[in-house]
Amino acid sequence: MSSFVVVGGTGRTGSRIAERLTAAGHDVVVSSREPAGAEAVRLDLAAPDPAVFAGADGIVISVEPPKDAADAEAVMHHGVAAIAAVAAREDVPVVLVSQIYVTRAAEHPEMAARIEARARGEQTLRDSGAQYTIVRPSWLHDLATGGVRIEQGDTGEGRISRDAVAAAAVAALFDPSASGKTFELYDDQESPEPDWSTVFAALSPDPESADL
Ligand SMILES: NC(=O)c1ccc[n+]([C@@H]2O[C@H](COP(=O)([O-])OP(=O)(O)OC[C@H]3O[C@@H](n4cnc5c(N)ncnc54)[C@H](OP(=O)(O)O)[C@@H]3O)[C@@H](O)[C@H]2O)c1
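Residues numbered from 1 in each chain as written. Predicted model: local features only at pLDDT ≥ 70, side-chain atom pairs only at ≥ 80, totals over all residues. Heavy atoms only, no water.

Enquirer: What is the right way to look at unusual backbone geometry in this model?
Expert: With the exception of glycine, the majority of residues adopt a negative phi angle, and the majority of peptide bonds are in the trans configuration. Positioned with a positive phi, Asp91 is a non-glycine residue whose angle comes to about 55 degrees. Its location among the elements puts Asp91 in the loop between α2 (69-90) and β5 (94-97). One non-glycine residue, Tyr101, lies in the positive phi region at around 75 degrees. One can find Tyr101 in the loop between β5 and α3 (112-127). (Helix = DSSP H or I, 4+ residues; strand = E, 2+ residues; numbered from the N terminus.)

The following block contains the structure:
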């Protein structure tokens with residue numbers, strides 16, 4: 001049994017991640033800005049307390065960015081950077097649920113500031129020395145999972161079930177072959193249900209430059 005912190009574990013994807021970890025027999029700490037229940041702890045990613053992660057065997061971040069640009073920068077860049085530093089120091093894996101469009105913010109001017117903050121957070125995580133995986137969902141939905149298409153390079157469009165994102169995030173937490181990799185997820189009825197270890201092994205490692 002291991003112990004994991006899910007930042008954003010009250011959210012629709014984060015709660016699915018927490019449920020999968022709990023079902024697999026692990027201890028799970030869910031963090032929230034307004035925690036409720038014995039397993040929940042208070043944490044605002046704008047000013048994360050490193051003590052929350054003491055003793056954790058892994059960390060998942062699945063946090064919705066604030067709309068305000070400065071707040072998004074504080075949460076999605078500097079907050080992610082702080083957790084990346086903890087993960088690097090403690091040598092534990094961290095999985096970041098991000099989004100598609102990270103390299104093409106100009107296509108979505110209404111979200112550009114949030115996306116750019118995310119991009120800086122992603123790159124800081126890559127540069128941190130932590131074991132990391134970055135999962136970039138396309139537009140999320142709550143319908144059943146079917147086939148999943150996995151891409152790299154952030155060129156696609158589409159939708160993906162939160163269940164599939166949770167499955168990918170949890171699998172990545174336990175699979176060293178997912179470390180140092182960034183990928184996008186899309187529903188695709190033509191594709192099989194993923195065997196995640198095979199998927200991760202086939203992905204290209206992230207290059208040591210930005211703009212993935
Ligand atoms: N909606 C889409 O189509 C889409 C597409 C691609 C990617 N994504 C991304 O995928 C991830 C999961 O999305 P979702 O729709 O499942 O999320 P969600 O249900 O909206 O949950 C968001 C979570 O973020 C947490 N949160 C918000 N601000 C926080 C802060 N400052 N510090 C700590 N936690 C904070 C919330 O926790 P508390 O309120 O309890 O603090 C909540 O648990 C998010 O990163 C989202 O942006 C979404």
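There's more to say after this.
Enquirer: Hey, could you run me through the sheet that holds strand β1 (residues 3-7) in this one?
Expert: Strand-to-strand pairing in sheets goes through backbone hydrogen bonds, with the strands running parallel or antiparallel. The mixed open sheet is built from eight strands, whose spatial order is β3-β2-β1-β4-β5-β6-β10-β8. Of all strands in the sheet, those bounded by a partner on one side alone are β3 (40-42) and β8 (148-151). Here the strands of the sheet are splayed against their neighbours by 25 degrees on average, with no regard to which way each runs. Of the strands in this sheet, β1, β2 (27-32), β4 (58-61) and β5 touch helix α1 (residues 12-23), which is tilted by about 170 degrees from β1. (Pairing = 2+ DSSP bridges. Axes fitted to C-alpha atoms, helices over the stretch in contact; angles between N-to-C directions. Contact = heavy atoms within 4.5 Å.)

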